Amino acid sequence: MIKIRGNIVTPSAICKETIAVSNGRIISIADDKKSEGEFYDFGDAWILPGFIDVHMHGLHEFGMANAKDIIKVAQIEPSYGTTSVLPTAFCLSAEKYCEFGYNAIAARQEKGENAARIPGVHFEGPFINPERKAGMNADYLRPVNLDECRQYLDCLGNMLKIMVISPELAGSVDVIKYLCSHHIVVSLGHSNATDRELEAAQAVGLSHVCHLFNAFERTNLIDGWRWKPGLIDAILASDNLTCEVICDMFHVLPEFIKLAAKLLGPDRFVAITDCMPGTGLNPGEYILPDGRKYTTRDAVARLVPDGTVMGSILTMNKALRNLVEVCGFDIVTASKFTSTNPARVIGYDKIIGSIEVGKMADIAVLDDEFNCICTFIE
């Protein structure tokens, strides 16, 4: 038996108690100071559910190019308190998407017990509106293709957890319906969709939003003064969509993070990093798999030479710190954003995502500056 004591962040409160763990699962949370077995007393440190990052592209010097690199990412992630990740691929050829999925499957099997879980993979594309490509390579954007989606499921099955689509593209409704019927989370992203196109997509199962506020249609004014409702307004007005938000305070300003959280409520806001290789290292220049260069010298990943923003250099413990210290959320709510809600999105909330009796003991221990001082996986 293992016992872990500190300021425990449960789904409803903070308590100074002890978590008892047996066979990888939490068997009790009680005011137990007995030190039999392996006893870890972390004093006033925060004891949180391990972070779950459902949208990330790399860490340190490692990207997603092969199984070896994905394993390295999974092994490094616990040093930031992250216990589960969805490796995420930008737009690729169909062949390369399947290869990426195979590499993730191999990494999940070979990563070892001290690495973060890999519940599946996240495809950011390839059916993306070229007008909202942001840092995507336009050479890999293509029309919606149902047969291509069938190929992905034939290759990867339930390893594919999330797929991003621009629902205004022709044929998207049939693809969304097909993916949802196979329990794939379909995510709206890089989009110019109208409110009616969003409604049509939701009607056949679209349930998630890729990095809210980033790479979306911008709301304009009518006649120079009247507010014209746009896609972001329609998303925030929905009662059902879960929304990813990059919480580095650069991609989305704190004011908009607080607005989104207020409208989405405590259960539909999903903190992500969208982090790139170079995250966790000194600022420098890096190369994408397609040969394009980007820099992390501006506290964010930008393409060279045009400065197009690619992603972040954020880790999940810093996302939590930003939510608490910059945006003013209490740590119980912020923990839902970084752990509980992402677990629910990928269908893992019955086993991980919160500190509760019966769940797997995936636990992050942070000091009062939100540095990770210890991580437990099961």
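Right above here is the structure, for reference.
Reading the values: the criteria
- Residues numbered from 1 in each chain as written.
- Predicted model: local features only at pLDDT ≥ 70, side-chain atom pairs only at ≥ 80, totals over all residues.
- Heavy atoms only, no water.
- Helix = DSSP H or I, 4+ residues; strand = E, 2+ residues; numbered from the N terminus.
- Rg over C-alpha atoms; globule rule 2.2 N^0.38 Å.
- Buried < 20%, exposed > 50% of the residue type's maximum accessible area, 1.4 Å probe, protein only.
- Areas by Shrake-Rupley, 256 points an atom, 1.4 Å probe, with all protein chains shown as cover.
- Lys, Arg positive; Asp, Glu negative; His and termini not counted.
- Charge placed at Lys NZ, Arg CZ, Asp CG, Glu CD.
- Pairing = 2+ DSSP bridges.
- Axes fitted to C-alpha atoms, helices over the stretch in contact; angles between N-to-C directions.
- Disulfide = S-S within 2.5 Å.
- Core = buried A, V, L, I, M, F, W, Y, C linked by side-chain atoms within 4.5 Å.
- Contact = heavy atoms within 4.5 Å.

K.L.:
For this particular structure, what's the right way to read the overall build of the protein chain?
P.N.:
When its secondary structure is counted, the protein chain shows nine helices and 20 strands. Here the C-alpha radius of gyration of the protein chain, 20 Å, is about what a compact globule of 378 residues would show, namely 21 Å. A principal-axis box enclosing the C-alpha atoms of the protein chain has dimensions of 65 × 50 × 45 Å. The proportion of buried residues among the 378 residues of the protein chain is 58%. Carbon together with sulfur atoms contributes 49% to the accessible area of the protein chain, which is approximately 15,600 Å² in total. Taking the average place of the 35 positive charges on the side chains of the protein chain and the average place of its 48 negative ones, the gap between the two points comes to 1 Å.

K.L.:
Just checking my understanding: could you explain the sheet that holds strand β1 (residues 2-9) for this structure?
P.N.:
Backbone hydrogen bonds hold the strands of a sheet together, and the pairing may be parallel or antiparallel. In spatial order, the strands read β3-β2-β1-β4-β19-β20; together these six strands make up an open sheet with mixed pairing. The open sheet has two edge strands, β3 (25-30) and β20 (372-376), and neither has a second partner. Neighbour-to-neighbour, the strand axes of this sheet turn through a mean angle of 40 degrees, independent of strand direction. Of the strand pairs in this sheet, strand β2 (residues 14-22) and β3 are connected by five bridges, and their pairing is antiparallel. Looking across to β3, one finds that Ala20 is bridged to Ser28.

K.L.:
Hey, could you run me through the state of the cysteines in this one?
P.N.:
Simply put, disulfide is the name for a covalent bond between the sulfur atoms of two cysteines. On inspection of all chains with the given rule, the structure shows zero disulfides. Between Cys155, a cysteine without a disulfide, and Cys98, which holds the nearest cysteine sulfur, the sulfur-to-sulfur distance is 3.1 Å. On the accessibility criterion, Cys155 (23% relative accessible area) is partly exposed. Between Cys372, a cysteine without a disulfide, and Cys374, which holds the nearest cysteine sulfur, the sulfur-to-sulfur distance is 7.1 Å.

K.L.:
When you look at the nonpolar core in this model, what are you seeing that I'm missing?
P.N.:
Nonpolar side chains in soluble globular proteins tend to be buried together. Counting residues in each nonpolar core, the largest one holds 97 residues, and the members touching the most others are Leu179, Ile235, Ile257 and Phe269. Examining the composition of this core, we find that six residues originate from one element, helix α2 (residues 94-110), more than from any other. Among all residues touching Leu179, those that are not within four sequence positions of it are Cys149, Leu153, Met163, Ile165, Ile184 and Val186. Ile8, Ile19, Ile26 and Phe376 belong to the second-largest nonpolar core, a separate cluster that totals 15 residues.

K.L.:
Sorry, what's going on with unusual backbone geometry here?
P.N.:
Both trends apply: most residues other than glycine have a negative phi, and most peptide bonds are in trans. Between Gly125 and the following residue, Pro126, the backbone shows a cis peptide bond with an omega angle of 15 degrees. Topologically, Pro126 is positioned in the loop between β7 (121-123) and α3 (146-156). Following Val304, the chain continues into Pro305 via a peptide bond in cis, with omega recorded as 10 degrees. In this fold, Pro305 is placed in the loop between β17 (301-303) and β18 (309-311). In the Ramachandran plot, Asp274 falls in the positive-phi region, its phi being about 55 degrees despite a non-glycine side chain. Along the polypeptide, Asp274 turns up in the loop between β14 (269-272) and β15 (285-287).

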